[in-house]
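Residue-level structural notes
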Amino acid sequence: MKKIVTEEVESKTALNRDMYCANCGSHGYEIHHVLDDENKLLPYWYIECESCGHTGREALSRDMARFFWKCDNNNEPKKGLIWR
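Below: a short report on this structure. Computed from a predicted model, the values in this text were never measured in an experiment.

**Examining the nonpolar core**
- Ranked by size, the top nonpolar core spans 13 residues in total, and within it Met19, Tyr29, Ile31, Ile47, Ala65 and Trp69 carry the most contacts.
- Looking at this core, the elements with two or more residues in it are strand S2 (28-37), strand S3 (44-49) and helix H1 (62-72).
- The dominant element in this core, judged by the number of residues it contributes, is H1, at 4 residues.
- In this structure Ala65 touches Trp45, Tyr46, Ile47 and Ala59, once residues within four positions along its chain are discounted.

**Let's talk about the pairing of S2**
- The buried fraction of S2 amounts to 7 of the 10 residues, a majority that puts the element mostly inside the structure.
- Summarising the sheet, strand S1 (residues 5-13) and S2 pair through 9 bridges and their orientation is antiparallel. Bridge pairing links Lys12 to Tyr29 in S2.
- The pairing of S2 with S3 spans 6 bridges and is classified as antiparallel.

**Re the side chain of Asp37**
- Here Asp37 lies in strand S2.
- Here the side chain of Asp37 touches Tyr44 through a polar contact of 3.1 Å, side chain to side chain.
- Residues contacting Asp37, with those up to four places away along its chain left out, are Lys3, Ile4, Val5 and Tyr44.

**Side note on the pattern of salt bridges**
- Scanning all chains against the criterion turns up 3 salt bridges.
- In this structure, Lys12 and Glu10 form a salt bridge, with 3.2 Å as the shortest nitrogen-oxygen distance.
- On the accessibility criterion, Lys12 (29% relative accessible area) is partly exposed.
- Salt bridges here are not isolated pairs; linked through shared partners, they connect Glu10, Lys12 and Arg62.

**Observations regarding the sheet that holds S2**
- An order of S1-S2-S3 is seen for the 3 strands of this open sheet, with the pairing classed as antiparallel. The open sheet has two edge strands with one neighbour each: S1 and S3. Within the sheet, the average angular offset between the axes of one strand and its neighbour, ignoring direction, is 25°.
- In this fold H1 packs onto S1, S2 and S3, with an angle of close to 40° to the strand it touches most, S3.

**A closer look at H1**
- Looking only at H1, the buried set comprises Ala65, Phe67, Phe68 and Trp69.
- Tucked inside the fold, the buried residues of H1 contact S3.
- Following H1 by one or two positions, Asn74 has its phi on the positive side, about 60°.

Rules and cut-offs
- Residues numbered from 1 in each chain as written.
- Predicted model: local features only at pLDDT ≥ 70, side-chain atom pairs only at ≥ 80, totals over all residues.
- Heavy atoms only, no water.
- Core = buried A, V, L, I, M, F, W, Y, C linked by side-chain atoms within 4.5 Å.
- Buried < 20%, exposed > 50% of the residue type's maximum accessible area, 1.4 Å probe, protein only.
- Helix = DSSP H or I, 4+ residues; strand = E, 2+ residues; numbered from the N terminus.
- Contact = heavy atoms within 4.5 Å.
- Pairing = 2+ DSSP bridges.
- Polar contact = N/O pair within 3.5 Å; in protein donor to acceptor, adjacent residues only side chain to side chain.
- Salt bridge = Lys/Arg side-chain N within 4 Å of Asp/Glu carboxyl O.
- Axes fitted to C-alpha atoms, helices over the stretch in contact; angles between N-to-C directions.

What follows is the structure, given as structure tokens:
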């Protein structure tokens, strides 16, 4: 049985030292925006390592996916305008 998923993938290289892979330490990652998945009702975002394929938690927004990726590395969230 085939599973059909529509998604946008954006490849990035992190300049921020907090955006590294918790599994292999690579700074290259892909941001996935899943637009249509037959098993999910809402669109979601997640981040995947380009080197080893390690994936972060699914989130409802791009910013939350980045937050989960940083927390996966045991980094403390930064205090500022958005996160307090």
